[in-house]
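Read off the chains here:
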Amino acid sequence: MTTVGILGGGQLARMLALAGAPLGLRFLVMDNVADACAGQFAPMVVGDYRDEAALAEFASRIDVATFDFENVPAESARWLVERVDVFPNPRALATAQDRLAEKTLFRGLGIPVPPFAPIDTLDELRAAIADIGTPCILKTRRLGYDGKGQFRIRGAGDIDAAWQALGAQASKVGLILEGFVHFERELSVVAVRGRGGEFRAWPLTENWHVDGVLSASLAPARVDEATAALAVGHAKRLAEALDYVGVFALELFSRDGELLANELAPRVHNSGHWTIEGSETSQFQNHLRAVLGLPLGDTRMVGTACMLNWIGEMPDARAVLDEAGGHWHDYGKEPREGRKVGHATLRSDDAAALAASLQRVGTALGRQDQVLPVIHALQD
Ligand code: ATP
Ligand code: MG
Ligand code: MG
């Protein structure tokens, strides 16, 4: 009996545990809160990721460790790797945790990025803005997620407000300034690399964010074959450079036929949730196969799929369950503003049928704003 240890007990760990059940896997989740939603399906070690005693107990009960949470301290991952197999490796994790290290690596690999500069002081911020221009975005280098720790600077008049908001973080988690990209589309490559270097990517996904949080994903994305191949090539080079094992997502902006890399998520990713019902092998199943050294599953999809995130509270399930290709995921979390509490996936054989399905669900749930950009994309 193989036990997979997962650091972080959120919905990603929960969906990993669900995907691993048919493989006969056991799971052990470590989280610093006792009511983490993956705990409804897997035993837990409750403790701080920096607490050696808790980590030691976790390590003693598992065969391999992986992550649901990308901000597990890199030192904890390195401590663990001395005792048990850890995938992805701590270097890949540490790189993805730091926007500066990540963007420097992208650039070094020939993957285009928006202009960026590390910022330590207000003077450096002024100088970088003079260089990069406005609009631009000041971000924390570490610990940001769902658009948190970011300040959009529209013009020189916003500099003081930006420093007021984030300046104190400069000495704690570091800051980075990035040029604002007027993108036509946001895309992600969700891909997997096995222990032996085998690489597979799912069809490209197109994503819509609201207030920095993913709202909807559509697969396959509306891009030509050359763009898709370019994106997948970037992801493959990145995975090889990091000797990455497992599933990851590379977030990209598409503008004027050009792709610019935004960030790397070193784990299964929200924009890959559609793969559960929409593709031959889900990202969760393939992540487990990769970290266990099993053959990777086919990533092809049939038809087209859209995932809708439920943020804050769950809507009524019935409108989605009424759809032929409607699938419901309730993470079993308490409602809370801004929290990802569940998602739905609608799968159809063609674009027109998916647009009609989205129209019905959006109307029934009063969520027209969420489905409209996807419907427009499907009708383009
Ligand atoms: P997550 O990890 O949840 O995807 P995050 O907090 O790490 O989010 P980013 O992915 O950097 O944040 O940014 C969130 C969203 O903000 C992006 O998906 C994009 O919509 C917008 N955004 C971020 N950086 C830029 C940029 N340089 N130009 C234009 N839009 C941007
Ligand atoms: Mg991120
Ligand atoms: Mg992001």
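In this numbering scheme, every chain counts its residues from 1 along its sequence in written order. Both sets of labels track the order of writing: A upward for chains, 1 upward for ligands. For this predicted model, a pLDDT threshold of at least 70 governs which residues receive local features, and a threshold of 80 or more governs which side-chain atom pairs are given and counted, while totals over whole chains, interfaces and linings are taken from all residues. Working from all heavy atoms in the structure, the side-chain values ignore hydrogens and water.

Caption draft 1: Structural context of the site of ligand 1. Being near a molecule or strand, for a residue, means having at least one of its heavy atoms within 4 Å of it. Around ligand 1, the structure places 22 residues, and the nearest of them are Lys139, Asp146, Gly147, Val181 and Glu186. We call two N or O atoms a polar contact when they sit within 3.5 Å, provided that within protein one can donate a hydrogen and the other can accept it, with sequence-adjacent residues counted only if both atoms are side-chain atoms. A distance of 3.3 Å is found between a nitrogen atom of ligand 1 and a side-chain nitrogen or oxygen belonging to Glu178. Here an oxygen atom of ligand 1 sits 2.9 Å away from a polar atom, N or O, in the side chain of Glu263. Look at ligand 1: alone it shows 620 Å² of surface, and the protein chains cover 95% of it. Under the scheme used here, helices are H or I runs from DSSP no shorter than 4 residues and strands are E runs no shorter than 2 residues, and both carry numbers assigned from the N terminus. For the shell around ligand 1, the secondary structure elements donating two or more residues are strand E7 (136-140), strand E8 (150-153), strand E9 (175-179), strand E14 (246-255) and strand E15 (258-265). The class makeup of the residues in the shell around ligand 1 is six nonpolar, seven polar and nine charged. Working definition of accessibility: Shrake-Rupley area with a 1.4 Å probe, residue cover restricted to the visible protein chains. Residue polarity is assigned by list, with Asp, Glu, Lys and Arg as charged and Ala, Val, Leu, Ile, Met, Phe, Trp, Tyr, Cys and Pro as nonpolar; anything else, Gly included, falls into the polar class.

Caption draft 2: Region of interest: the coordination of the magnesium ion (ligand 3). Counted as coordinating are nitrogen, oxygen and sulfur atoms within 2.8 Å of the metal, or 3.2 Å for Na, K and Ca, while water is not included, which may make sites look incomplete. Coordination of the magnesium ion (ligand 3) by the protein is provided by Glu251 (OE), Glu251 (OE) and Glu263 (OE), with metal-donor distances spanning 2.0 to 2.6 Å. Between the magnesium ion (ligand 3) and the magnesium ion (ligand 2) the interatomic distance comes to 3.8 Å, and Glu263 is a ligand of both metals. Placement of Glu251 in strand E14 and of Glu263 in strand E15 is noted, with a sequence separation of twelve residues between them. Summarising the burial analysis for this pair, Glu251 and Glu263 share the class buried. For each residue, the accessible area found with a 1.4 Å probe, counting protein chains only, is set against the maximum for its type, and the residue is called buried under 20%, exposed over 50%, and partly exposed in between.

Caption draft 3: Layout of the sheet that holds strand E3 (residues 44-46). A pair of strands counts as paired when DSSP detects no fewer than two bridges linking them. As summarised here, the arrangement of the five strands in space is E3-E2-E1-E4-E5, forming an open sheet in which the pairing is parallel. Looking at which strands have only one partner, the edges of the open sheet turn out to be E3 and strand E5 (85-86). Two strands pair when backbone bridges link them, and strand E2 (residues 26-31) and E3 are joined in this way by three bridges, in the parallel orientation. Across the sheet, Met30 pairs through a bridge with Val45, a residue of E3. Packed on one face of the sheet, helix H2 (residues 52-60) meets strand E1 (3-7), E2, E3 and strand E4 (64-67) and runs near 170° to E2. Against the sheet, helix H10 (residues 283-292) engages E1, E2 and E4, with an angle of about 140° to E4. We call two residues in contact when some of their heavy atoms are within 4.5 Å. Inter-axis angles, ranging from 0 to 180 degrees, are taken between N-to-C directions of lines fitted to C-alpha atoms, where helices are fitted over the stretch in contact.

Caption draft 4: Structural context of the packing of aromatic side chains. Each aromatic pair joins two rings of Phe, Tyr and Trp (for Trp, the six-membered one) with centres within 6.5 Å, and gets the label stacked for planes under 30 degrees apart, edge-to-face for over 60, and tilted for any other angle. What the rule picks out here adds up to four aromatic pairs. An angle of 5° between the planes, with centres 5.0 Å apart, marks the rings of Phe183 and Phe253 as stacked. With Phe183 in the loop between E9 and strand E10 (185-193) and Phe253 in strand E14, this pair connects stretches of sequence that are 70 residues apart. Given a relative accessible area of 35%, Phe183 falls into the partly exposed group.

Caption draft 5: Fine view of the UniProt feature "domain: ATP-grasp" (unreviewed entry) in the chain. When the UniProt feature table is mapped onto this chain numbering, "domain: ATP-grasp" (unreviewed entry) sits at residues 103-292. Segment residues 103-292 splits into 29% helix and 32% strand. End C-alpha atoms: 29 Å apart. UniProt positions are given in the numbering used here, feature names are shortened, and annotations may be inferred rather than shown by experiment.

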